[in-house]
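# Commentary on secondary and tertiary structure
Listed below, chain by chain, are the residues.
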Amino acid sequence: MAGVVFEHVQKIYAGGNHVVHDLNIDIRDREFLVLVGPSGCGKSTALRMIAGLEDISDGNLYIGDRRVNDVAPKDRDIAMVFQSYALYPHMSVYDNMAFGLKLRKTPKPEIDRRVQEAAKMLGIQQYLDRKPKALSGGQRQRVALGRAIVREPQVYLMDEPLSNLDAKLRVQTRSEISKLHQRVQTTTIYVTHDQTEAMTMGDRIAVMRDGVLQQLDTPETLYDRPANIFVAGFIGSPAMNFFDVRIEGDGDGLYLVHDAFRIEVPGRMRNEVAAQQGKDAILGVRPENINVLPDTEEGANVRVDVVEPLGNENVLYLTAGNQEFVARVEPECRVNPGQSVAVTFELDKIHIFDRETEKTLMG
């Protein structure tokens, strides 16, 4: 077992295309770390640098105590699971899983032990004699996972392994991967653009944008205390709502003023926000922290545009003045498109960001 450390790692391609900027991450031994971000943010490039499939332009990369910048991929003691499964079509499931061990001249009894154990762990014992073409997408992905497991490496690398599966299989397989990690307790680095996968699987999550690490923390902290507007908007579905506001003082009060509302800054936030009095800011409110009051006429200045009933909740698309935003409400909250309603925010759950830097004002 081993941790992985990025120490001021850079990746610059020919022509000056700077893909990864000064990346510093200390991935702990046995940790499940997720690299997440939109397409082109540098997450897959970072993973490929760990695997040795991409050269490092600057900085140092460590697996355990060993600096691996110049170590060949085959000597890094890692196993990689790809989006495309990458199975040999002419080989049986057993031979696909055993192939890497045969190349390393592992004794046959040991190969058989590892393949059988991995197949049992993944529930694919009955498929060992089949060819990949006779398997479903989910079964092929289990074989790809099995091929990595039998290696018993120091680190598992997974590059969007669920992208080719349908929605139901993705939910099932991500649960299986999480259970697998709990059993094998091997350091795992998982790349995805899907924030739901990141939130449900990772011990910690590294959010990247344009090659720059935005925030590295637990799923709970990223959700409750995002460092900036990008993280706040990327983590959570539906995404956080953002309102342009001005911070104004009125006697002893401190207020966030929008064209359609005026709310008082909660006491726990006043010290941080007071220094910004008179400045523009951005108010962030998650959809589930908006209360919709359909039965009151007072303050009913918000229009309901669309109602999406999802059974366990309703998602409402609303407009206040020129501001469109989204609320998640209980299914008992029955409103109709075109109806005017009032809304309130759960003030202890709001976020306030600096307009210029887009960083949180909450410390």
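As a starting point, this report considers the structure included with it. As the structure is a computational prediction, the values presented were derived from the model and not from experiment. (Residues numbered from 1 in each chain as written. Predicted model: local features only at pLDDT ≥ 70, side-chain atom pairs only at ≥ 80, totals over all residues. Heavy atoms only, no water.)

Residue position: Ala-239 is located in the loop between helix H8 (229-234) and strand S11 (241-250). Exposure remark for Ala-239: the relative accessible area of 38% places this residue in the partly exposed category. Taking the C-alpha atoms as reference, Ala-239 lies 19 Å from Ala-281; in sequence the two are 42 residues apart. Setting aside chain neighbours within four positions, we find Ala-239 in contact with Gly-233 and Pro-287. (Helix = DSSP H or I, 4+ residues; strand = E, 2+ residues; numbered from the N terminus. Buried < 20%, exposed > 50% of the residue type's maximum accessible area, 1.4 Å probe, protein only. Contact = heavy atoms within 4.5 Å.)

Packing of helix H4 (residues 137-149) against helix H5 (residues 167-184) leaves a shortest axis separation of 11 Å and a crossing angle of 20 degrees. Taken as axis vectors, H4 and H5 run roughly parallel relative to one another. In this structure, H4 crosses over H5, and the sense of that crossing is right-handed. Across the interface between the two elements, Gly-138, Arg-142, Leu-145 and Ile-149 from H4 touch Leu-169, Gln-172, Glu-176, Ile-177 and Leu-180 from H5. Taken together, the residues that form the contact of H4 with H5 break down as 5 nonpolar, 2 polar and 2 charged. (Axes fitted to C-alpha atoms, helices over the stretch in contact; angles between N-to-C directions. Parallel < 35°, antiparallel > 145°, perpendicular 65-115°, else oblique. Left-handed = near helix turned anticlockwise from the far one by under 90°. Nonpolar A, V, L, I, M, F, W, Y, C, P; charged D, E, K, R; others polar.)

Take H4 next. For an α-helix, the turn length of 3.6 residues means that residues three or four places apart are oriented alike. Taking 1.5 Å per residue as the helical rise, H4 with its 13 residues ought to reach 18 Å, and the 18 Å between its terminal C-alpha atoms agrees with that figure. Of all 13 residues making up H4, 11 are buried, and the element is well covered by its neighbours. Elements in contact with the buried residues of H4: strand S6 (78-81), helix H2 (93-103), helix H3 (108-122), strand S7 (155-159) and H5. (Expected span 1.5 Å × (residues − 1).)

We now examine the nonpolar core. Formed by 44 residues in total, the largest nonpolar core has its most connected members in Met-97, Val-115, Ile-177, Tyr-190 and Val-207. If near-sequence neighbours (up to four positions away) are discounted, Val-207 is found in contact with Val-36, Val-212, Leu-213, Gln-214, Gln-215, Leu-222, Phe-230, Val-231 and Ile-235. (Core = buried A, V, L, I, M, F, W, Y, C linked by side-chain atoms within 4.5 Å.)

Right, let's get into the pattern of salt bridges. All told, the structure shown has 22 salt bridges when counted by the stated rule. In this structure, Arg-114 engages Glu-152 in a salt bridge whose closest nitrogen and oxygen atoms are separated by 3.8 Å. Of this pair, Arg-114 sits in helix H3 while Glu-152 is found in the loop between H4 and S7, placing the two residues 38 residues apart along the sequence. A residue is classified by how much of its surface remains accessible, and Arg-114, at 16% relative accessible area, is buried. Classification of Glu-152 as partly exposed rests on a relative accessible area of 43%. Across the pair Glu-176 and Arg-142 runs a salt bridge whose closest N-O atoms are separated by 3.0 Å. Taken as a pair, Glu-176 in helix H5 and Arg-142 in helix H4 lie far apart in primary sequence, 34 residues in all. With relative accessibility at 23%, the residue Glu-176 sits in the partly exposed group. (Salt bridge = Lys/Arg side-chain N within 4 Å of Asp/Glu carboxyl O.)

The next point concerns the sheet that holds strand S4 (residues 58-63). Whether parallel or antiparallel, the strands of a sheet pair through hydrogen bonds between backbone atoms. Here we have 4 strands laid out as an open sheet, ordered S2-S1-S4-S5, and antiparallel in their pairing. The sheet is open, and its two borders are formed by strand S2 (17-27) and strand S5 (66-67), each paired with just one other strand. Each of strand S1 (4-13), S2 and S4 touches helix H1 (residues 43-51); the most contacted strand, S1, lies at about 115 degrees to it. (Pairing = 2+ DSSP bridges.)

An order of S13-S12-S11-S14-S20 is seen for the 5 strands of this open sheet, with the pairing classed as antiparallel. One side of each edge strand has no neighbouring strand; the edge strands of this open sheet are strand S13 (262-264) and strand S20 (351-354). For this sheet the average axis-to-axis angle between neighbouring strands, irrespective of direction, equals 40 degrees. Where S11 lies against strand S14 (residues 280-285), 6 bridges are found, and the strand directions are antiparallel. By the bridge assignment, Asp-244 is partnered in S14 with Ile-282.

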